[in-house]
There are 2 protein chains.
Amino acid sequence: MKEVAIGIDIGGTNTKIGAVSRSGESLYETSIHTADYPDAKEFVNFLQKKIRQIVDDISKDTEIKGIGIGAPNGNYYSGTIENAMNLKWKGIVPLVDFFRPYFPEIPIVLTNDANAAAIGEMVYGGAKGMKNFIVITIGTGLGSGIVVNGELVYGHDGFAGELGHITVNPKGRRCACGRNGCLETYVSATGIKRTVYKMLAKYTDESELRSVPYDQLNSKMITEAAQRGDKIAIASFEYTGEILGIKLSDAVLFSSPEAIFMFGGLAKAGDYIFKPTKFHLENSLLEIFKNKVKLLPSGLGSVNAAIMGASALVWKELAKTEE
Amino acid sequence: MKEVAIGIDIGGTNTKIGAVSRSGESLYETSIHTADYPDAKEFVNFLQKKIRQIVDDISKDTEIKGIGIGAPNGNYYSGTIENAMNLKWKGIVPLVDFFRPYFPEIPIVLTNDANAAAIGEMVYGGAKGMKNFIVITIGTGLGSGIVVNGELVYGHDGFAGELGHITVNPKGRRCACGRNGCLETYVSATGIKRTVYKMLAKYTDESELRSVPYDQLNSKMITEAAQRGDKIAIASFEYTGEILGIKLSDAVLFSSPEAIFMFGGLAKAGDYIFKPTKFHLENSLLEIFKNKVKLLPSGLGSVNAAIMGASALVWKELAKTEE
């Protein structure tokens, strides 16, 4: 009997689905267009058929041990997706309840994508054996998954770990959440774009980015420009890393993590983002925390990290009941 | 057989010692001058005799179930006090090791005073039954004890929960830690004194506080002035509450607590500090957290709260081994 966990990563555009073994071997991967399913019940119905098909495709004696789901605003306690801004399903969607009739016997675990990434890091990645760490996922926005005493921090209501909305400057950049100056308006793929434009306005240096309209600029272009020595691009990474480093030093005061992992698109810029972040983190830390906290890239492969994270929720949940 | 936990609260000036029953009944209380013992070993030797005497005084059949100690920079994992600024004992003091020969069989638990307050709140106070909450202790400085999933957050190294050193303004007030603009330079008995002086400089309003030298000003005088309608005093509380409320809204993003408890001298100012803090906390919260987080005064009596907190460490520790 081959035991697998199903990992599902729901995004505004695509939903990735995969099957992963307990040791972290990816056995199957596919994806569907989330936006094709304006009705969440129909989406779940399609997905359950897909899951059965995946399992049959792997081998006839595959056993599904559980289903792990990462989704924006996914709530671990209630199994619901609540008012997710970039999904078509409005209000409170009881996703786990929709899945339950199809899989009555196995754990079905939902949380947000950053929490799933943190569990993935603990089960398969660089945080194996760590009891206290933080994962920062830097994509369109900034998410975070916080592990304390070996357990994910869900908080009283299931929504803990929203470090993307820590205030950098209350009079700062407009955020999608309606407030101003949130961390993710500076530190994210969108944030660094905004910073490039700020730098282009502030300085007079030549830059290849001066020929790119805002709508077309992305973080990969900014990284490539930095690699070619573009001063505006490099200054933008330094500005981003400074803000991130300072705010991470506040996070260290809270939970004193052994390591902070950086995950997602912007983290792929390597030294351009890691160096200034590390410098300003160390520089801002309270004395007792200096030279203690590792700043690391995610230990999950980038190709299917979201599926890995979601599937890891299952093994983590099973470990709880097996205790 | 009467079962008691010994609670010890070590401060720079005094050390309070008491015996508390499992239900939270204080059976004995006394205090000694910490500063009389420049040698920590002698201090412990004196203390163990005191403990035996206390126990004999209560009744002949009293059983000590454990010793809980709250101390500045107390480390739960190592049982040491590390580089505490306001104690005479320098470097790393292995306090639990010093106690161990006298009490070889029972738990001896050390942590910092704010963590002890948080455990006290959970065992005897307003946080009974809560799994996720934060205690802010506002005295000379600002300490914090954070509980997540029913456990205190000690972090990787035992020093988690230092919210007093979250940065309000990197170019702000000089802090005893060597950095600038830490939360406790604004929100503490010392912080509000500094704010009163800022307000006296900024405004021209008459104020009874204009006749008080900085050295003699204390938070009780500021509270009493506010009660008499002193505009400078009231403005100082509002400024303090605004900064605290905004920074607590960041803390909520981290652990999504059910409640935040305020403990210590400044918290006794009641509405003068609670009202502006609550207003700015709610005003700054991310939408999903609004109207969810209770802001409460400590449920521990103020007279012997420090002893209660320290003794609670024992019951919490015993509950772990009894599980």
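Residues numbered from 1 in each chain as written. Chains lettered and ligands numbered in written order. Predicted model: local features only at pLDDT ≥ 70, side-chain atom pairs only at ≥ 80, totals over all residues. Heavy atoms only, no water.

Novice: Any chance you could break down the overall build of chain A for me, citing the residues and the numbers?
Specialist: Across its full length, chain A holds eight helices and 13 strands. The C-alpha atoms of chain A give a radius of gyration of 20 Å, which matches the 20 Å a tight globule of 323 residues would have. Principal axes of the C-alpha set define a box for chain A whose edges measure 65 × 45 × 35 Å. The long-range fraction of contacts in chain A, counting pairs at least 24 apart against all pairs at least 6 apart in sequence, stands at 62%. Within the structure as shown, chain A displays about 13,200 Å² of accessible surface, and the carbon and sulfur contribution to it stands at 50%. Taking the average place of the 35 positive charges on the side chains of chain A and the average place of its 36 negative ones, the gap between the two points comes to 4 Å. (Helix = DSSP H or I, 4+ residues; strand = E, 2+ residues; numbered from the N terminus. Rg over C-alpha atoms; globule rule 2.2 N^0.38 Å. Contact = heavy atoms within 4.5 Å. Areas by Shrake-Rupley, 256 points an atom, 1.4 Å probe, with all protein chains shown as cover. Lys, Arg positive; Asp, Glu negative; His and termini not counted. Charge placed at Lys NZ, Arg CZ, Asp CG, Glu CD.)

Novice: Would you mind going over the nonpolar core in detail, with residue names and values included?
Specialist: Of all hydrophobic cores here, the largest spans 97 residues; its most connected members are Ile 136 and Met 262 of chain A together with Ile 136 and Met 262 of chain B. Discounting residues that sit within four places of it in the chain, Ile 136 of chain A has contacts with Leu 142, Gly 143, Ser 144, Leu 163, Leu 248, Ile 260, Phe 261, Met 262 and Phe 263 of chain A. (Core = buried A, V, L, I, M, F, W, Y, C linked by side-chain atoms within 4.5 Å. Buried < 20%, exposed > 50% of the residue type's maximum accessible area, 1.4 Å probe, protein only.)

Novice: Quick one: what's the story with the relation of the copies chain A and chain B, residue by residue and with numbers?
Specialist: Mapping chain A onto chain B is achieved by rotating through 180° and translating by 0.0 Å along the same axis, at an RMSD of 0.0 Å. Viewed as a symmetry operation, the transformation between the two copies matches a two-fold axis. Here 100% of the interface residues in chain A have copies in chain B that are interface residues too; the copies meet face to matching face. (Least-squares fit on C-alpha atoms with pLDDT ≥ 70 in both.)

Novice: Account for the sheet that holds strand S9 (residues 133–138) of chain A, naming residues and giving values.
Specialist: Residue and element names in this part refer to chain A. Ordered by their spatial adjacency, five strands build an open sheet running S11-S10-S9-S12-S13, and the pairing between neighbours is mixed. Taken across any chain shown, the strands that pair with only one partner, and hence form the sheet edges, are strand S11 (151–152) and strand S13 (294–297). Relative to S13, strand S12 (residues 259–263) runs parallel, the two being bridged by four bridges. Across the sheet, residue Ala 259 finds its bridge partner in S13, namely Lys 294. In this fold helix H3 (residues 113–123) packs onto S9, strand S10 (142–148), S11 and S12, with an angle of close to 45° to the strand it touches most, S10. (Pairing = 2+ DSSP bridges. Axes fitted to C-alpha atoms, helices over the stretch in contact; angles between N-to-C directions.)

Novice: Mind laying out the confidence of the model for chain A, listing which residues take part and the relevant values?
Specialist: Residues and elements named next belong to chain A. This prediction gives chain A a mean pLDDT of 94; 99% of its residues lie at or above 70. Mean pLDDT values over the elements of chain A span from 88, in helix H8 (residues 305–322), up to 98, in helix H6 (residues 231–255). Scoring the predicted complex yields pTM 0.93 and, for the interface, ipTM 0.91. (pLDDT = per-residue confidence, 0-100.)

Novice: Break down the pairing of S9 of chain A for me, with residues and values.
Specialist: Residue and element names in this part refer to chain A. Across the six residues that make up S9, a large majority, six, are buried. Side-chain alternation along S9 places Phe 133, Val 135 and Thr 137 on one buried face and Ile 134, Ile 136 and Ile 138 on a second face that is also buried. Inspection of the sheet shows S9 paired to S10 by six bridges, in the antiparallel sense. Each bridged residue has a counterpart across the sheet, and for Ile 136 the counterpart in S10 is Ser 144. Between S9 and the antiparallel strand that follows it, S10, lie three residues. Pairing between S9 and S12: five bridges, direction parallel. Residue Ile 136 lies in a different strand from S12, and its bridge partner there is Met 262.

Novice: Residue-level account of the side chain of Asp 230 of chain A, with values.
Specialist: All names here are of chain A. Relative to the elements of secondary structure, Asp 230 occurs in the loop between helix H5 (219–227) and H6. As a buried residue without a salt bridge, Asp 230 has its nearest oppositely charged side chain in Arg 228, at a separation of 7.1 Å. Side chain to side chain, Asp 230 and Ser 207 meet in a polar contact 3.0 Å long. In this structure the side chain of Asp 230 is engaged in a polar contact, spanning 3.1 Å, whose partner is the backbone nitrogen of Ile 232. Setting aside residues no more than four positions away along its own chain, Asp 230 makes contact with Ser 207, Glu 208, Leu 209 and Ala 225. (Salt bridge = Lys/Arg side-chain N within 4 Å of Asp/Glu carboxyl O. Polar contact = N/O pair within 3.5 Å; in protein donor to acceptor, adjacent residues only side chain to side chain.)

Novice: Account for the side chain of Ser 249 of chain B, naming residues and giving values.
Specialist: Within the secondary structure, Ser 249 of chain B sits in helix H6 (residues 231–255). With residues up to four places along the chain from it excluded, the contact list for Ser 249 of chain B reads Leu 281, Ser 284 and Leu 285 of chain B.

Novice: Talk me through the pairing of strand S8 (residues 108–111) of chain B; I want residue IDs and the actual numbers.
Specialist: All names here are of chain B. Alternating positions in S8 separate into two faces, Ile 108 and Leu 110 on one and Val 109 and Thr 111 on the other, with burial throughout. Here four bridges tie strand S4 (residues 62–70) to S8, and the two strands are oriented parallel to one another. Across the sheet, the residue bridging to Ile 69 is Leu 110, located in S8.

Novice: Describe the sheet that holds strand S5 (residues 74–75) of chain B, naming the residues involved and giving the relevant values.
Specialist: Residues and elements named next belong to chain B. Strands sit in the order S5-S6-S7 across an open sheet of three strands; the sheet is antiparallel. Taken across any chain shown, the strands that pair with only one partner, and hence form the sheet edges, are S5 and strand S7 (92–93). With two bridges connecting them, S5 and strand S6 (residues 80–82) associate as antiparallel partners. Bridge pairing in S6 places Asn 75 opposite Thr 80.

Novice: Outline helix H7 (residues 271–284) of chain B, supporting the account with residue identities and numerical values.
Specialist: Within an α-helix, residues lying three or four positions from one another point in the same direction, as the helix has 3.6 residues per turn. With 14 residues, H7 of chain B extends 19 Å between its outermost C-alpha atoms, agreeing within 8% with the 20 Å of an ideal straight helix rising 1.5 Å per residue. Turning to H7 of chain B, the residues buried within the fold contact H6, strand S12 (259–263) and strand S13 (294–297) of chain B. (Expected span 1.5 Å × (residues − 1).)

Novice: With reference to specific residues and values, describe the interface of chain A and chain B.
Specialist: The figure often quoted for interface size is the accessible area lost as the parts come together. Contact with chain A, which involves 38 residues of that partner, is made by 38 residues of chain B. In this assembly, chain A and chain B are joined by two salt bridges. The tally of links from chain A across to chain B stands at 18 residue pairs in polar contact (both at pLDDT 80 or more). At the level of secondary structure, the elements contributing two or more residues to the side of chain A that touches chain B comprise S10, S11 and H6 of chain A. Within the side of chain A that touches chain B, the residues separate by chemical class into 20 nonpolar, ten polar and eight charged. (Nonpolar A, V, L, I, M, F, W, Y, C, P; charged D, E, K, R; others polar.)

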